Amino acid sequence: MSQNSEVGTKPEHADAADLPSRKWQDVGLEQQGDLQLTVATFNVQAEAFEYSTIPWGRWEQRRLRLVAAMMQGDPDIICLQEVDHFDDFFAPVLAQHGYTGIFVPKTKWPEKDGLPTEGQAIFFRSSEWELLASHCWTSFDVRRSRKLFSNWTAFIRPSSKDFEMHIAIDERLAMLPQITVGALLRSARCPKLPPVLVVSAHLKSRVKPHVLQRLTMPPEQLKTCQFMAFASAARAALDGAVPLIFCGDLNQPLTSGGLQRAVVDCGFVDAYGYLAQPANPEHPQPIDFILIDDAPSIKAVAMLELPSTQELFGPPGRCSRWLPNAYYPSDHLALAAKVAFGKASQSV
């Protein structure tokens, strides 16, 4: 692999600006291993949460550009957050690229403005990966209302019967409507390797003051609590017997003390932590993450570099300083990492 091998930038939208050019940056480890996979994570900004009053903020303008952005790193596995068009867009469009997906909506109801409740999806190349099991973890007991449970499970794909459900994982989170999705995948090329569990998570960003008061914890501590609860539950689901890749949206940088300690305590390494980001505002700090097991058998060996502020917003005065815009189709950045795993993936 080239130290700075460039990946495609052309979006599937005739009127859009080209996406920022992004290169793979190696981390200096020996790229050995029985298998290498590329995993991406992307909060695609649900239509229900879009900024319809800003240029390039509407779903119809963004949707094909979202696909172009998530495909920049040519990923094997894609974790998506804030998905509210699984059936009518992401599943059929990504199927054209060879991907199969699973989806679970958030456990909140009723629908907003007629849209399905947004949720999380994991897509994988079906020619390269076999889905052994699907998992879902919820923060509260969605079964407490028969109507809620029926409405929620109606949107799960392929169906709720295809998932191993882990309901109400932590009583401290019982007031939050959060879910996390996991896919246990085995390589078709290397079937003798252990499978890998890939998880997509989305931490609650805004919590009403009266909820925080009842939880008796400040916002940052609540995010740390959410992360530790979902990460620990994911690891416990398979007794820590397989490599774990934990992706998603933290809604704040991983540089905060509580979350940094939680990542280490839960046995992870931040894939983007290997990159020495310039200490200046020209490179935005990600609030999303790809966390890899801190184990000799699995290593992140390259990351898709972050675009500069000018690449995201254009020359001063040329474009809105908000995302999404003509240069990028979501208010979050897609991240991607190349991961080597297997008995030979240790650096030497």
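Residues numbered from 1 in each chain as written. Predicted model: local features only at pLDDT ≥ 70, side-chain atom pairs only at ≥ 80, totals over all residues. Heavy atoms only, no water.

## Some details on the packing of aromatic side chains
Step number 1: Summed over the entire model, instances satisfying the criterion amount to 11 aromatic pairs.
Step number 2: The interplanar angle of 70° and the centroid separation of 6.2 Å between the aromatic rings of Phe-42 and Tyr-328 together place this pair among those described as edge-to-face. Separated by 286 residues along the polypeptide, Phe-42 in strand β2 (residues 35–43) and Tyr-328 in the loop between α7 (309–313) and β14 (335–341) bring together distant segments of the chain.
Step number 3: A relative accessible area of 1% places Phe-42 in the buried class. (Phe/Tyr/Trp six-rings, centres within 6.5 Å; stacked < 30°, edge-to-face > 60°. Helix = DSSP H or I, 4+ residues; strand = E, 2+ residues; numbered from the N terminus. Buried < 20%, exposed > 50% of the residue type's maximum accessible area, 1.4 Å probe, protein only.)

## Examining the pattern of salt bridges
Step number 1: With the rule as written, the count across this model stands at 10 salt bridges.
Step number 2: The salt bridge involving Arg-58 is made with Glu-50; its shortest N-O contact spans 3.1 Å.
Step number 3: Here Arg-58 falls in the partly exposed class, since its relative accessible area comes to 36%.
Step number 4: Glu-50 gets classed as buried once you look at its relative accessible area, which sits at 15%.
Step number 5: If you follow the salt bridges from partner to partner, you end up with Glu-50, Arg-58 and Arg-62 in one network. (Salt bridge = Lys/Arg side-chain N within 4 Å of Asp/Glu carboxyl O.)

## Focus on the sheet that holds strand β6 (residues 129–138)
Step number 1: Pairing in this open sheet of seven strands is mixed, and the strands run β7-β6-β8-β9-β10-β12-β11 from one edge to the other. On the outer flanks of this sheet lie β7 (163–166) and β11 (268–270), each paired with one strand and no other. The mean inter-strand angle of the sheet, taken between neighbouring strand axes irrespective of direction, is 20°.
Step number 2: Pairing geometry for β6 and β7, over four bridges, is parallel. Residue Cys-136 lies in a different strand from β7, and its bridge partner there is Met-165.
Step number 3: Each of β6, β7, β8 (179–187), β9 (196–202), β10 (244–249), β11 and β12 (288–293) is contacted by helix α5 (residues 219–237), which is oriented at about 135° to β6, the strand it contacts most. (Pairing = 2+ DSSP bridges. Axes fitted to C-alpha atoms, helices over the stretch in contact; angles between N-to-C directions. Contact = heavy atoms within 4.5 Å.)

## Remarks on α5
Step number 1: Over its 19 residues, α5 runs 27 Å from end to end, which matches the ideal 27 Å to within 8%, given 1.5 Å per residue.
Step number 2: Three or more residues of α5 are buried, namely Leu-222, Lys-223, Thr-224, Cys-225, Gln-226, Phe-227, Ala-229, Phe-230, Ala-231, Ala-233 and Ala-234.
Step number 3: One or two residues past the end of α5 sits Asp-239, with phi positive at roughly 55°. (Expected span 1.5 Å × (residues − 1).)

## What to know about the nonpolar core
Step number 1: Formed by 73 residues in total, the largest nonpolar core has its most connected members in Leu-80, Phe-90, Ile-245 and Ile-290.
Step number 2: For this core, the element with the highest residue contribution is helix α1 (residues 59–70), accounting for six residues.
Step number 3: Excluding anything up to four places from it in sequence, Ile-245 contacts Leu-37, Val-39, Val-196, Leu-197, Val-198, Val-199, Ile-290, Leu-291, Ile-292, Ile-298 and Val-339.
Step number 4: Ranked by size, the runner-up nonpolar core spans 34 residues in total, among them Trp-137, Leu-212, Val-242 and Leu-259. (Core = buried A, V, L, I, M, F, W, Y, C linked by side-chain atoms within 4.5 Å.)

## Structural notes on unusual backbone geometry
Step number 1: The peptide bond linking Arg-157 to Pro-158 adopts the cis configuration, its omega dihedral lying at 5°.
Step number 2: Position of Pro-158 relative to the elements: it lies in the loop between α3 (146–153) and β7.
Step number 3: Looking along the chain, the bond that leaves Leu-323 and enters Pro-324 is cis, with omega of 0°.
Step number 4: In this structure, Asp-74 is a non-glycine residue whose phi angle is positive, near 50°.
Step number 5: Relative to the assigned elements, Asp-74 resides in the loop between α1 and β3 (77–83).
Step number 6: In this structure, Glu-82 is a non-glycine residue whose phi angle is positive, near 60°.
Step number 7: Tracing the chain through its elements places Glu-82 in strand β3.

## Regarding the packing of α1 against helix α2 (residues 86–95)
Step number 1: The geometry of α1 relative to α2 is characterised by a closest axis approach of 12 Å and an angle of 40° between their N-to-C directions. Considering their axes alone, α1 and α2 lie oblique with respect to each other. Of the two possible hands of crossing, α1 and α2 adopt the one that is right-handed. Contact residues: α1 offers Trp-59, Arg-63, Leu-64, Leu-66, Val-67 and Met-70, while α2 offers Phe-89, Phe-90, Val-93 and Leu-94. (Parallel < 35°, antiparallel > 145°, perpendicular 65-115°, else oblique. Left-handed = near helix turned anticlockwise from the far one by under 90°.)

Such coordinate-based values are descriptive only and should not be taken to indicate function.
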